[in-house]
Amino acid sequence: MADQKKKSIGLFVLMAAIVAVAVLNVADLTRDAPRLDELVAHDAILQAPVETSSTGRRSWRGRYAVFVVDGQRATVEELCDVWNCRLPDAVKALHPGAHLTLWTSGSRIWQLNHDGELLLDYRNAVEGHRKASTRKEAIGSFLIVALLVSLILAHRSRQRRKAAAANMPVPAARAPGSRSIKLSFTVDRRVNVGRHAHTQMLSGPALERFQEAAQRRDRAAMITALVEAGLSEASAANATDALLGETPELPG
């Protein structure tokens, strides 16, 4: 019981941690875009061709573009919402040594300029972020609700199993040294109407009295023992007569 309780607590903690991580990721990915006046504008030199990358289908980040500038990586996020999942020709044409002006928040690029040409407009970046946030928020909310429902269903199922186990009857232990015997009586009607078998359990004192009476071929005592074992008087009489008629002598 203690082990089962520990497993239940462990499962609850695990599910709660998953839900918490999901909530934090949704909050981080769907937070509002920074204002233009909150961005840091600076000039930089591109050190490698621009590449696109993706963290896979299971990631909520999606596809993004990587700019290596001044020995650091800066990214344009939500590539599919900002640039239709591919680099514009003007961005693909950039070569190492190109002079860029970046407006960034952390390592994320929100506006990009090259030699007076606006390659990424802040308004387009914000609109792409808004679309992606709405989509990710809906998916994240669904996953969180699904996790919570799964946790509730698992808890209820465990409670039902525990209740069923508690209500299951426990077989009574047989007294030490007790014996039981199953007797089958077969009656031959001798008129070709088939054979009839009757079975009854005998144990304890009733068994001993029945055995003693059967040794003496004492019909009345045999019937009494069978009645004490639960047979009706008529059934006990029929069974006794059948046994005495078939078996002249019973072993002790």
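Going by the structure above, here's the rest.
The following refers to the structure shown. Keep in mind that this is a model prediction, so the values were computed, not measured. (Residues numbered from 1 in each chain as written. Predicted model: local features only at pLDDT ≥ 70, side-chain atom pairs only at ≥ 80, totals over all residues. Heavy atoms only, no water.)

## Brief notes about the pairing of strand 3 (residues 63-69)
In summary, the side chains of a regular strand alternate between the two faces of the sheet. Just so we agree on the cut-off: We call a residue buried when its accessible area falls under 20% of the maximum for its residue type, exposed when it is over 50%, and partly exposed in between, using a 1.4 Å probe and counting protein chains only. Going along the chain from the N terminus, every DSSP run of H or I of four or more residues is numbered as a helix, and every run of E of two or more is numbered as a strand. Strands were regarded as paired on the criterion that DSSP finds at least two bridges between them.
Judged by how many residues are buried, strand 3 sits mostly within the fold: five of seven residues are covered. Of the strand pairs in this sheet, strand 2 (residues 51-54) and strand 3 are connected by four bridges, and their pairing is antiparallel. Pairing of Ser54 across the sheet is with Arg63, part of strand 3. Sheet analysis places strand 3 next to strand 4 (residues 72-76), joined by five bridges and oriented antiparallel. Bridge assignment links Val69 to a residue of strand 4, and that residue is Gln72.

## Describing a nonpolar patch on the surface
This is how the line gets drawn: Residues enter a patch when their relative accessible area is above 30% and they make no salt bridge; the linking distance is 9 Å between like charges and 5 Å between nonpolar side chains (Val, Leu, Ile, Met, Phe, Trp, Tyr). With residues, only the protein chains shown are counted as cover, and all accessible areas are computed by Shrake-Rupley using a 1.4 Å probe. Salt bridges are identified by distance alone: a Lys or Arg side-chain nitrogen within 4 Å of an Asp or Glu carboxyl oxygen.
A contiguous nonpolar patch, built from Ile139, Phe142 and Leu143 and spanning about 300 Å² of accessible area, is present on the exposed surface. Take Ile139: its relative accessible area is 43%, and that puts it in the partly exposed class.

## With respect to unusual backbone geometry
Phi angles above zero are rare outside glycine, and Asn84 is one such case at about 55°. Look at Asn84 and you get exposed, because its relative accessible area is 61%. Phi is positive for Cys85, close to 70°, though the residue is something other than glycine. On the secondary structure map, Cys85 appears in the loop between helix 2 (79-82) and helix 3 (89-92). For Cys85, a relative accessible area of 34% corresponds to the partly exposed category.

## Here we look at the pairing of strand 7 (residues 117-120)
Where strand 6 (residues 108-114) and strand 7 come together, three bridges link them in antiparallel fashion. The residue bridging His114 from the neighbouring strand is Glu117, located in strand 7.

## Observations concerning helix 4 (residues 122-167)
As a reminder of what qualifies: By this rule, a helix spans an expected 1.5 Å times one less than how many residues it contains.
For helix 4, with 46 residues, the first-to-last C-alpha span of 67 Å sits near the 68 Å given by 1.5 Å per residue. Taken together, the buried positions of helix 4 are Tyr122, Ala125, Gly128, His129, Ala132, Ser133, Lys136, Gly140, Ile144, Leu151 and Arg158.

## A look at the state of the cysteines
For clarity, the threshold we go by: A pair of cysteine sulfur atoms is labelled a disulfide when the two atoms are within 2.5 Å.
Tallied over the full model, the rule gives one disulfide. Between the sulfur of Cys80 and that of Cys85 lies a disulfide, 1.8 Å long from S to S. Taking the sign of the S-S torsion, 120° for the link of Cys80 and Cys85, the bridge is right-handed. For Cys80, a relative accessible area of 35% translates into the label partly exposed.

That's the geometry; what it means functionally is another story.
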